[in-house]
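# Inside the fold
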Amino acid sequence: MADLDSTLYISDLNQAWVALGIGLVYVIYYITFVVKKPLIICGNPRLRDFIDTNLPVLNEDYWPLFWCLNGKFQTLLKGVTNKTVRISVNWTYRRDVLVTPDGGEICLDWVDNDKKSLHLRDERPTVIIVPGLSGSSGEVYAIHMVELVQKLGYRSVVFNNRGLGGCRLKTPRTFCPKNTEDFRTVVQHIRKDYPNAPLFALGASAGGLNLFHYLADYGKDCQLNGAMIVSVLYEMFASTKNLETFPNVLLFNQTLIRDLHYDMLLPNQDILRTHKNLDVNSILQARTVRQFHTRLIVPTFGYKDWKQYYRDCNLTGLMHKIKIPTLFMNAADDPFTPLSSIPIEEMRKEENVILVLTSHGGHCGFMEGVLPTQSGYMCKVFSQYVNAIFKNDEQNNRVNEFER
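Cut-offs applied
- Residue indices begin from 1 for each chain and proceed along its sequence in written order.
- Where totals are concerned, whole chains, interfaces and linings use all residues; where local detail is concerned, this predicted model gives features only for residues with pLDDT of at least 70, and gives and counts side-chain atom pairs only at 80 or more.
- As a rule here, side-chain values cover all heavy atoms of the structure and leave hydrogens and water aside.
- Going along the chain from the N terminus, every DSSP run of H or I of four or more residues is numbered as a helix, and every run of E of two or more is numbered as a strand.
- Expected span of a helix: the number of residues minus one, times 1.5 Å.
- Think of it in three bands: with a 1.4 Å probe and only protein chains considered, a residue is buried below 20% of the maximum accessible area for its type, exposed above 50%, and partly exposed in between.
- Angles run from 0 to 180 degrees between N-to-C directions of axes, and those axes are lines fitted to C-alpha atoms, restricted for helices to the stretch in contact.
- Angles are sorted into four bins: roughly parallel if under 35 degrees, roughly antiparallel if over 145, roughly perpendicular if 65 to 115, and oblique for all others.
- For a crossing to be left-handed, the near helix must be turned anticlockwise from the far one by less than a right angle; the clockwise case is right-handed.
- In this analysis, two residues are considered to be in contact whenever any of their non-hydrogen atoms come within 4.5 Å of each other.
- By the convention adopted, Pro, Cys, Tyr, Trp, Phe, Met, Ile, Leu, Val and Ala count as nonpolar, Lys, Arg, Asp and Glu as charged, and the other residues, Gly among them, as polar.
- Any two strands with at least two DSSP bridges between them are considered paired.
- Orient the strands so they point away from the viewer, and a crossover whose first-strand-to-second-strand path over the helix runs clockwise is right-handed.
- Any pair of nitrogen or oxygen atoms within 3.5 Å is treated as a polar contact; in protein, a donor-acceptor pairing is required on top of that, and neighbouring residues in sequence qualify only through side-chain atoms on both sides.

## A few points about helix H4 (residues 140-152)
Its 13 residues place the ends of H4 19 Å apart at the C-alpha level, agreeing with the 18 Å of an ideal helix rising 1.5 Å per residue. Along H4, 11 of the 13 residues are buried, which leaves the element largely enclosed by surrounding structure. All of the buried residues along H4 are Val140, Tyr141, Ala142, Ile143, His144, Met145, Val146, Glu147, Leu148, Val149 and Gln150. Glycine 153 occupies a position one or two residues after H4 and carries a positive phi of about 90°.

## Focus on the packing of helix H3 (residues 71-84) against helix H8 (residues 248-265)
Running from N to C, H3 and H8 point in directions that differ by 20°, and their axes come no closer than 11 Å. It follows from the interaxial angle that H3 and H8 lie roughly parallel. Crossing hand, H3 versus H8: left-handed. Across from Lys72, Thr75, Leu76 and Lys83 in H3, the residues of H8 making contact are Asn248, Leu251, Phe252, Asp259 and Asp263. For the contact of H3 with H8, a count of residues per class yields 3 nonpolar, 2 polar and 4 charged.

## Considerations on the pairing of strand S5 (residues 155-160)
Extensive coverage of S5 is indicated by the burial of 6 of its 6 residues. Burial along S5 is two-sided: the residues Arg155, Val157 and Phe159 and Ser156, Val158 and Asn160 are all buried. As judged from the 4 bridges shared by strand S4 (residues 126-130) and S5, these two strands associate in the parallel manner. When the sheet's bridge partners are listed, valine 127 is paired in S5 with serine 156. Between the parallel pair S4 and S5, the chain is carried across by H4, and the sense of this crossover is right-handed.

## Looking at the side chain of serine 341
For serine 341, the position within the fold is in the loop between strand S8 (326-331) and helix H13 (344-348). According to the relative accessible area criterion, serine 341 is buried, its value standing at 8%. Among the polar contacts listed, one links the side chain of serine 341 to the backbone oxygen of proline 338, at a separation of 2.6 Å. With residues near it in sequence (within four places) discarded, serine 341 still touches Tyr234, Glu235 and Ala238.

In structure tokens:
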């Protein structure tokens, strides 16, 4: 009996040593090959100096979520936390329903920050947050952003696209990233209420695509002081092809469509049926993002087919139209945006563009450390960047007043 106990003890001890050895190898691999500083692409020396001076987080290593390194898994995990995790905050949104020229409605969710801000209400710097394709002000990452803006002493407003965030469609027109009319309406509305407030915008995924096209359409007249675009799709054909390969077609395509069905299509199907060119039953049967675009976006916004729509959405060749400091943030392992589709050389030539490229992070993930519910690396970059833009604007205003 003693011999048997001794054998079992040795066996358990050996297993423990094996587990310890595997863990040690993983830690060495993680520290040696995973933990890295981001690659920063910026062709403007003055802008690069501004970034190096004001964003110390970019000079530090990014430590991706220790137990979830793969970009696909980070993307999935981020999607799960966005929908299920509840964050305790000491503020509530103030909803502002904005009526568009065509009779539609956009819901703006504000956190005015009257108690914590040192800025006068009319002059308080304001951050516009634009979530992704099916996102809204209730997403965890949007709440993290609002929380950071509040701590900085600024005002935030989340731009919920038509039919999302609890805002029902009033017309059969939905959201198209290439169409910037709604974005312009929102900016003009904010400018009317707060004409002296500096403005900054952050867009994630499809929200970033919409923000980019707004910046490209209006150039110096965009009325923004700075912008940040996260996990944007630069080349729609390449992204769609990547999303329709296995296992992405199961992991992401169908997940996005399910979210769109429950968050936007089903609650608004009656108003969508009033559009003469829409087959709502066919839209509800879509199983991929391309089918969704083909059956809803293409006929709603007058495109010939999905190819024409995708060509219209592409960002490649348009970087020169960006006229304000704009920071792009992407991960090399983003399943939505293949690394080869990012126009790195084009971005390197432009004076208002900064690209921050991490080796890990997935699509809008950028989780770090041990817990997936923390705000993450993207929020750290955002916090330092938006603060730098607003502080720089204040300094420039003081210089201009002195010179006058």
